[in-house]
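# Descriptive structure summary
Now for the letters of each chain:
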Amino acid sequence: DPFLPFGQTHSGANVVILLDTSGNMKANDYTPSRFLFAREFALDLIESLDNSHNVGVITFDESASVVAFLTPDKQRIVNEIMRNIERSNGRTSLSGGLTLAIEMASSVEKINGFIVLISDGENDLPTKLSINQLIEIANEKNVKIFSVGVGSHNPHSLDEDVYGVTKYAYLN
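Residues numbered from 1 in each chain as written. Predicted model: local features only at pLDDT ≥ 70, side-chain atom pairs only at ≥ 80, totals over all residues. Heavy atoms only, no water.

### Focus on the overall build of the chain
- What the chain contains, in helices and strands, is 4 helices and 5 strands.
- Tracing the chain from N to C terminus, the helices and strands come up as β-α-β-β-α-α-β-α-β.
- Counting over 172 residues, the chain shows a buried share of 51%.
- Looking at the chain alone, contacts between residues at least 24 apart form 76% of all its contacts between residues at least 6 apart.
- With the model as given, the accessible surface of the chain reaches about 8300 Å², and the carbon-plus-sulfur share is 49%. (Helix = DSSP H or I, 4+ residues; strand = E, 2+ residues; numbered from the N terminus. Buried < 20%, exposed > 50% of the residue type's maximum accessible area, 1.4 Å probe, protein only. Contact = heavy atoms within 4.5 Å. Areas by Shrake-Rupley, 256 points an atom, 1.4 Å probe, with all protein chains shown as cover.)

### Here we look at the packing of aromatic side chains
- All told, the structure shown has 2 aromatic pairs when counted by the stated rule.
- For the pair Tyr 30 and Phe 37, a centre-to-centre distance of 5.0 Å together with 45° between the ring planes defines the contact as tilted.
- A relative accessible area of 9% means that Tyr 30 is categorised as buried. (Phe/Tyr/Trp six-rings, centres within 6.5 Å; stacked < 30°, edge-to-face > 60°.)

### As for the sheet that holds strand 1 (residues 14–20)
- Taking strand neighbours across the sheet as the criterion, the 5 strands line up as 3-2-1-4-5 in an open arrangement whose pairing is mixed. One side of each edge strand has no neighbouring strand; the edge strands of this open sheet are strand 3 (64–71) and strand 5 (143–149). Each adjacent strand pair in this sheet contributes to an overall mean axis angle of 15°, direction not counted.
- Pairing of strand 4 (residues 113–119) with strand 5 involves 7 bridges; the strand directions are parallel. From the neighbouring strand, Val 116 faces strand 5, where its bridge partner is Phe 146.
- Against the sheet, helix 2 (residues 74–81) contacts strand 2 (54–60) and strand 3, and its axis sits at roughly 145° relative to strand 3. (Pairing = 2+ DSSP bridges. Axes fitted to C-alpha atoms, helices over the stretch in contact; angles between N-to-C directions.)

### Some remarks on the pattern of salt bridges
- In this structure the tally under the stated criterion is 3 salt bridges.
- A salt bridge links Asp 29 to Arg 34; its shortest N-O distance comes to 2.8 Å.
- The buried category is assigned to Arg 34, whose relative accessible area is 11%.
- A salt bridge links Glu 103 to Lys 141, with the nearest nitrogen and oxygen atoms 2.9 Å apart. A residue pair is termed long-range when its members are at least 10 positions apart, and Glu 103 in helix 3 (residues 94–105) and Lys 141 in the loop between helix 4 (131–140) and strand 5 qualify at 38 residues.
- On the accessibility criterion, Glu 103 (36% relative accessible area) is partly exposed.
- Owing to a relative accessible area of 35%, Lys 141 belongs among the partly exposed residues under this scheme.
- Residues joined by salt bridges that share partners form a network here, namely Asp 29, Arg 34 and Asp 120. (Salt bridge = Lys/Arg side-chain N within 4 Å of Asp/Glu carboxyl O.)

Encoded structure:
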């Protein structure tokens, strides 16, 4: 399985961090920027997870990239990978990121899959699948999507789709 290179299966969950690295994240309404604030939040989240969980990291702007495949080695992700992720100047394709994250989170049967989407909610590229269609696919694969809004007090793509009833959990 390409998303679980060592073939580990255990009772924990697959947790995929989906981090927006698009040009919109350069805004400085968070100190020092939306992106750096979001990256630090992701680092704290990864460090807080217990060892029974696999963690993977995907970044997205105009396209999505796997930065770290699912692994129980959270320290390697924190020390070698997360601190080196940089913001791009690209546009934003939320659906590209979600598509890849859903596949990663659901890559091992009988293990719960979770996606933690950290984004400003802007989505400025046309897509083949709507956010609602991706949510349906995630539900079919028993993948839960949790989202953390950073900035963008009027996100136009996600406020009713991914966030549902709870809307945004803005970080202060």
